[in-house]
Amino acid sequence: MTSIDFEEYRQPWETGPHWELKREFLETYKNDYPVDRLLCLAQAYSNIELLHCSYPEPVMREIEQCSYNLKGKKKFRQMEEDLEKKRKEKPELQARTEKNKHIKYD
């Protein structure tokens, strides 16, 4: 595959860790998929990791296999764990979390 400037595919709402996660997927698999498929899988990967979306089983399996060795996934999980620790340490954060618990993001 020829060199691709993935920045042109970055969406305005993809900031910081969100874009890093997606870009890592794109860079890692740029030689394994056609561009259209690569972009779809990268978007699905970031949606699964960040928004906890789900997709048909074959897509979920493919994303799971691809994401196994990506560093961004581990980094993002660590950030989530750190945030959860902070919530437990600060009652006002925990109260806000409890207040919004009924909201579903699926």
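A quick note: this is a predicted structure, and the numbers were derived from the prediction, not measured.

So, how was this worked out
Residues numbered from 1 in each chain as written. Predicted model: local features only at pLDDT ≥ 70, side-chain atom pairs only at ≥ 80, totals over all residues. Heavy atoms only, no water. Phe/Tyr/Trp six-rings, centres within 6.5 Å; stacked < 30°, edge-to-face > 60°. Buried < 20%, exposed > 50% of the residue type's maximum accessible area, 1.4 Å probe, protein only. Helix = DSSP H or I, 4+ residues; strand = E, 2+ residues; numbered from the N terminus. Arc of directions from axis to C-beta. Core = buried A, V, L, I, M, F, W, Y, C linked by side-chain atoms within 4.5 Å. Contact = heavy atoms within 4.5 Å. Axes fitted to C-alpha atoms, helices over the stretch in contact; angles between N-to-C directions. Parallel < 35°, antiparallel > 145°, perpendicular 65-115°, else oblique. Expected span 1.5 Å × (residues − 1).

Colleague: Before we move on, could you go through the packing of aromatic side chains and cite the residues and values that matter?
Modeller: A full pass over the atoms with the stated rule returns three aromatic pairs. Ring geometry for tyrosine 29 versus tyrosine 33: centroids 6.5 Å apart, planes at 70 degrees, classification edge-to-face. Its relative accessible area of 17% is what places tyrosine 33 among the buried residues. Through pairs of rings, three or more aromatic residues link up here, namely Phe25, Tyr29, Tyr33 and Tyr45.

Colleague: Help me get a handle on helix H3 (residues 57-67), residues and values and all.
Modeller: It helps to recall that an α-helix has 3.6 residues per turn; residues three or four apart then point in one direction. Looking at H3, one finds that the buried residues are Glu62, Ile63, Cys66 and Ser67. Buried residues along H3 cover an arc of 125 degrees about the axis, so they all sit on one side. Seen from the buried face of H3, the exposed residues on the opposite side, beyond 90 degrees, are Pro58, Glu64 and Gln65.

Colleague: Which residues make up the nonpolar core, and what values go with them?
Modeller: In a soluble, globular protein the nonpolar side chains are often hidden away together inside. Residues Phe25, Leu26, Tyr29, Leu38 and Ile63 are the most contacted members of the largest nonpolar core, which totals 19 residues. Only helix H1 (16-29), helix H2 (35-51) and H3 provide two or more residues apiece to this core. By residue number, the principal contributor to this core is H2, which donates eight residues. Residues contacting isoleucine 63, with those up to four places away along its chain left out, are Phe25, Leu41, Ala44, Tyr45 and Ile48.

Colleague: Break down the packing of H2 against H3 for me, with residues and values.
Modeller: For any two helices packed against each other, one specifies the inter-axial angle together with the distance between the axes. Two elements in contact, H2 and H3, have axes whose closest approach is 10 Å; the angle formed by their N-to-C orientations is 85 degrees. The orientation of H2 with respect to H3, classified from their angle, is roughly perpendicular. For the pair formed by H2 and H3, the contact residues are Arg37, Leu41, Ala44, Tyr45 and Ile48 on the first element and Met60, Glu62, Ile63 and Ser67 on the second.

Colleague: I'd like to hear about unusual backbone geometry, residue by residue, with values.
Modeller: Phi angles above zero are rare outside glycine, and histidine 52 is one such case at about 60 degrees. On the secondary structure map, histidine 52 appears in the loop between H2 and H3.

Colleague: How would you explain H1 if you had to name every residue and give the values?
Modeller: Relative to the 20 Å expected for 14 residues at 1.5 Å per residue, H1 spans 20 Å between its end C-alpha atoms, a close match to the ideal helical length. Here H1 has its buried residues at Trp19, Leu21, Lys22, Phe25, Leu26 and Tyr29. All buried residues of H1 lie within an arc of 160 degrees about the axis, which places them on one face of the element.

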